[in-house]
Amino acid sequence: MISTTFEEAISAVKKPAKITFAVVKDAEGKFNTITLEWFMRTSIKPPMLAISVGHTRYSHQCLQNFRYFNLCFPSKEMKEAARISGSRSGRDLNKINALGEEFFPGKLAKLPVFRNAAANFECEIITQVRSGDHTIFVGQVKYSWLNKDKDILLFKDL
Ligand SMILES: Cc1cc2nc3c(=O)[nH]c(=O)nc-3n(C[C@H](O)[C@H](O)[C@H](O)COP(=O)(O)O)c2cc1C
């Protein structure tokens, strides 16, 4: 056992990490996506999922205004979409168009659901907590979607 930096220790224990992206909506009604590594399940009944979003992200503004997010677990074939979503900002790119992915309205019909994802969860934001330079948005899962034949994209595949 050695004493080390937080970054080195936390990177060592998080593998194999999954990645997700959240679909959100801005004040003009434009959809946006943000790649997220920081997410977790937070309740059994009702089912809830939390995401941690940096204050500087355009998606943070979107989540403050429109109180829904869809959490998408991309499949391996969505690698390029996950990269674009995690490296460009919705401030200067219409990411939902740039991803080139098919989507449909879902059952809650607030935000697009990605047809080729491994899974999607349509969530309504119930509460939020400030956490340093990020905000944790806790969403109640309203509808869940699964593609049983799709392999999930892992962080190491990016
Ligand atoms: C693999 C990966 C994981 C990421 N995880 C997070 C995260 O958990 N929270 C966060 O706020 N940003 C995270 N990011 C950064 C955002 O996805 C990135 O800053 C994005 O361009 C923000 O887009 P926006 O300005 O349209 O919201 C991650 C990026 C990558 C590539």
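Preceding this paragraph is the structure being described.
What counts, and at which threshold
Residues numbered from 1 in each chain as written. Predicted model: local features only at pLDDT ≥ 70, side-chain atom pairs only at ≥ 80, totals over all residues. Heavy atoms only, no water. 1 Å grid on protein atoms, 1.4 Å probe; cavity = no way out; pocket = protein on both sides within 12 Å on 5 of 7 lines; lining within 4 Å. Points joined across faces, edges and corners; volume = space filled by probe spheres on them. Helix = DSSP H or I, 4+ residues; strand = E, 2+ residues; numbered from the N terminus. Disulfide = S-S within 2.5 Å. Buried < 20%, exposed > 50% of the residue type's maximum accessible area, 1.4 Å probe, protein only. Phe/Tyr/Trp six-rings, centres within 6.5 Å; stacked < 30°, edge-to-face > 60°. Lys NZ or Arg CZ within 6 Å of the ring centre and 35° of its normal. Pairing = 2+ DSSP bridges. Axes fitted to C-alpha atoms, helices over the stretch in contact; angles between N-to-C directions. Contact = heavy atoms within 4.5 Å. Patch = residues over 30% accessible without salt bridge, like charges linked within 9 Å, V, L, I, M, F, W, Y side chains within 5 Å. Areas by Shrake-Rupley, 256 points an atom, 1.4 Å probe, with all protein chains shown as cover. Salt bridge = Lys/Arg side-chain N within 4 Å of Asp/Glu carboxyl O.

### What to know about the layout of surface pockets
Point 1. Here the largest pocket is characterised by a volume of approximately 410 Å³.
Point 2. In terms of lining residues, the largest pocket is bounded by 28 residues, among which Ile-34, Thr-35, Leu-36, Arg-57 and Gly-86 are the most central.
Point 3. Within the residue set of the lining of the largest pocket, elements represented by two or more residues are strand E2 (31-36), strand E4 (48-54), helix H2 (58-65) and helix H3 (79-87).
Point 4. Each pocket or cavity is described by its volume, and for the second largest pocket that value is around 290 Å³.

### As for the state of the cysteines
Point 1. Within this structure, the stated rule accounts for zero disulfides.
Point 2. Summary of cysteine pairing: Cys-62 is not part of a disulfide, and the nearest cysteine sulfur, belonging to Cys-123, is at 16 Å.
Point 3. The exposure class assigned to Cys-62 is buried, which follows from its relative accessible area of 2%.
Point 4. Among the cysteines around Cys-72, which has no disulfide bond, Cys-123 carries the closest sulfur, lying 12 Å off.

### As for the packing of aromatic side chains
Point 1. In total, this model carries six aromatic pairs according to the counting rule given.
Point 2. Arranged with centres 5.2 Å apart and planes meeting at 90 degrees, the rings of Phe-39 and Phe-73 form a pair that is edge-to-face. Of this pair, Phe-39 sits in strand E3 (residues 39-43) while Phe-73 sits in strand E5 (residues 68-73), and the two are 34 residues apart along the sequence.
Point 3. Judged by relative accessible area, Phe-39 falls into the partly exposed class, the value being 24%.
Point 4. With a centroid separation of 4.9 Å and an interplanar angle of 80 degrees, the aromatic rings of Phe-104 and Trp-145 are classed as edge-to-face. Here Phe-104 is found in strand E6 (residues 103-104), whereas its partner Trp-145 is found in strand E9 (residues 134-146), with 41 residues between them in sequence.
Point 5. In this structure Phe-104 comes out as buried when scored by relative accessible area, which is 19%.
Point 6. For Trp-145, a relative accessible area of 26% corresponds to the partly exposed category.
Point 7. What links up through ring pairs into an aromatic cluster is the set Phe-21, Phe-103 and Phe-114.
Point 8. Above the plane of the ring of Phe-66 lies Lys-25, whose end atom (NZ or CZ) is 4.4 Å from the centre.
Point 9. Taking NZ or CZ as reference, Lys-107 lies 5.9 Å from the ring centre of Trp-145, over its face.

### Quick notes on the sheet that holds E9
Backbone hydrogen bonds are what pair the strands of a sheet, in a parallel or an antiparallel way.
Point 1. As summarised here, the arrangement of the seven strands in space is E2-E1-E5-E8-E9-E4-E3, forming an open sheet in which the pairing is antiparallel. Edge positions in the open sheet fall to E2 and E3, since each of these has one partner strand only. Taken pair by pair, the neighbouring strands of this sheet meet at an average axis angle of 35 degrees, ignoring direction.
Point 2. Across the sheet, H2 touches strand E1 (20-25), E2, E4, E5, strand E8 (119-131) and E9, and the angle it forms with E4 is around 135 degrees.
Point 3. Its contacts with the sheet place H3 against E1 and E2, and it is angled at close to 100 degrees to E2.

### A few points about a nonpolar patch on the surface
Point 1. The grouping of Phe-6, Ile-10 and Val-13 at the surface amounts to a nonpolar patch, some 320 Å² of accessible area in total.
Point 2. Along the chain, Phe-6 turns up in helix H1 (residues 6-13).
Point 3. Take Phe-6: its relative accessible area is 58%, and that puts it in the exposed class.

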